[in-house]
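# Breakdown of the fold
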Amino acid sequence: METFSMFLDSTSLVVVFIPLLVICVSLWFSCKAKWNVLFRDLGVPLGLFWSVVGATGMAVNMTDVKIYGPATAIMLLTLTYGGLISALGYFSTFRRSSPESDNNKKTADWKVIIFILVTFLGLTWWAMDNAAGLAVFINPVALSVFGTTIIVSILLSDSDHRVEVLCQASLLSAMLSLVLGLIVLYRSFSGDGINEGMYDGLKIAMNGLSYGLLSYISIYVVSYKFGTTEKIDAPLMNWHWMEVTGFLIFMFFAPETLRESLLH
């Protein structure tokens, strides 16, 4: 039983499930959106987003190396919960069902979209403030990369493809911030342990990923207002988000290997 208890974390469950349930219930009443599609499309991004928010607070405030491992495990648990939710939604889409009715093609009302976004952003505000303080999540470099990428994508695209382009731009901005963060980290690396420059690189990378995920989730929700959700290709985007986040975890949080431990 002790082993199974390692895979349970109430906070992680709450931050992943609560916003997802709010979205599912709100969009079902507004436009009869299917729960399994929402689970499939949003489980992974929500899990990744809350993992990165928690990991940012952990990395900035970590003073005792002994709690580094358990804190990283909780970060991965949040990601795992999101992945399991997406898996449930994905597999349930293969059940036999009657053709969608015209009612399923309705678009959501702006009031519902705003309610969802306000709830989600409020929870995000609370989580960031409790994780490390809001100031930690404001990074000029990551914000500049995100803002520039979004503006350029809008200027170079037309309104017919705006939703999918903005989603791609959110992913690209996260990738760029991650690379810039690694550049800062490696330029500051001296072999003498953690220094301020390495923390600066970590903040750029992780905040850039947070901005991108926050933007992507918000754009996905707004797409139900315009009936353009299918253009996003959310399952494919989820794979890309996992790749980017996995790369970040490898580069910043990977533990030493068994071989390295034995050598020490």
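This text gives an overview of the structure that appears in the document. What you see as residue numbers is a count from 1 along each chain, following the sequence as written. For a predicted model such as this one, the threshold for reporting local features is a pLDDT of at least 70, and the threshold for listing and counting side-chain atom pairs is 80 or more; totals across whole chains, interfaces and linings nevertheless cover every residue. Side-chain metrics rest on all non-hydrogen atoms present in the structure, leaving aside hydrogens and water.

Strands here mean DSSP runs of E at least two residues long; helices mean DSSP runs of H or I at least four residues long; both are numbered from the N terminus. Looking at where glycine 133 falls in the secondary structure, it is placed in the loop between α5 (110-131) and α6 (140-155). Sequence-wise, glycine 133 and glycine 57 are 76 residues apart; in three dimensions their C-alpha atoms are separated by 8.1 Å.

This next bit is on empty space enclosed by the protein. Cavity and pocket criteria rest on a 1 Å grid covering protein atoms alone: a 1.4 Å probe that fits but cannot get out defines a cavity, protein on both sides within 12 Å along at least 5 of 7 lines defines an open pocket, and an atom within 4 Å of a point defines a lining residue. Grid points are joined across faces, edges and corners, and a volume is the space filled by probe spheres set on the points. Under the criterion given, the structure shown has one cavity of 30 Å³ or more. In this structure, the largest cavity occupies an estimated 30 Å³ of space. Among the elements of the structure, α3 (35-61) and α8 (196-226) are those that each provide at least two residues to the lining of the largest cavity. Gly falls in the polar group here, along with every residue not listed as nonpolar (Ala, Val, Leu, Ile, Met, Phe, Trp, Tyr, Cys, Pro) or charged (Asp, Glu, Lys, Arg). Here the residues of the lining of the largest cavity sort into five nonpolar, one polar and one charged.

Next up on the list: the packing of aromatic side chains. To describe a pair of aromatic rings, you give the distance between the ring centres and the angle between the ring planes. The aromatic pairing rule takes the rings of Phe, Tyr and Trp, using the six-membered ring of Trp, and pairs them if the centres are within 6.5 Å, calling planes under 30 degrees apart stacked, those over 60 edge-to-face and the rest tilted. Throughout the structure, instances matching the rule amount to eleven aromatic pairs. A ring pair is formed by tyrosine 90 and phenylalanine 91, whose centres lie 5.5 Å apart and whose planes are at 65°; its orientation type is edge-to-face. Between tyrosine 90 and phenylalanine 94 the ring centres are 5.2 Å apart and the planes differ by 75°, which places this aromatic pair in the edge-to-face class. Classification of residues uses two cut-offs on accessible area relative to the type maximum, computed with a 1.4 Å probe and protein chains only: under 20% is buried, over 50% is exposed, and between them is partly exposed. Classification of tyrosine 90 by relative accessible area gives partly exposed; the value is 39%. Of the aromatic side chains, those joined through ring pairs into one cluster are Phe49, Trp50 and Phe120. Charge-over-ring contacts are defined here by two conditions on Lys NZ or Arg CZ: a distance within 6 Å of the ring centre and an angle within 35 degrees of the ring normal. Over the aromatic face of tryptophan 28 sits the side chain of lysine 32, whose NZ or CZ is 4.7 Å from the ring centroid.

Axes here refer to lines fitted to C-alpha atoms; in helices the fit is confined to the stretch in contact. Angles between the N-to-C directions go from 0 to 180 degrees. Running from N to C, α3 and helix α9 (residues 234-253) point in directions that differ by 20°, and their axes come no closer than 9 Å. Of the possible angle classes, the one that applies to α3 and α9 is roughly parallel. Both α3 and α9 take part in a crossing whose hand is left-handed. Contacts from Arg40, Asp41, Val44, Pro45, Leu48, Val52, Ala55, Met58 and Ala59 of α3 reach α9 at Ala234, Pro235, Asn238, Trp241, Met242, Thr245 and Phe253. A class-by-class count of the residues in the contact of α3 with α9 yields twelve nonpolar, two polar and two charged. Working definition: roughly parallel below 35 degrees, roughly antiparallel above 145 degrees, roughly perpendicular at 65 to 115 degrees, and oblique for all remaining angles. Put simply, a crossing is left-handed when the front helix is turned counterclockwise from the back one by less than a right angle, and right-handed when it is turned clockwise. By definition, residues are in contact when any of their heavy atoms lie within 4.5 Å.

Glancing now at the nonpolar core. Leu27, Leu38, Phe49, Tyr224, Trp241, Phe252 and Phe253 are the most contacted members of the largest nonpolar core, which totals 66 residues. Of all the secondary structure elements, the ones that give two or more residues to this core are α2 (10-31), α3, α4 (68-92), α5, α7 (162-188), α8 and α9. Here the element with the most residues in this core is α8; it accounts for 14 residues. We define a nonpolar core as any set of buried Ala, Val, Leu, Ile, Met, Phe, Trp, Tyr and Cys residues linked to one another through side-chain atoms lying within 4.5 Å.

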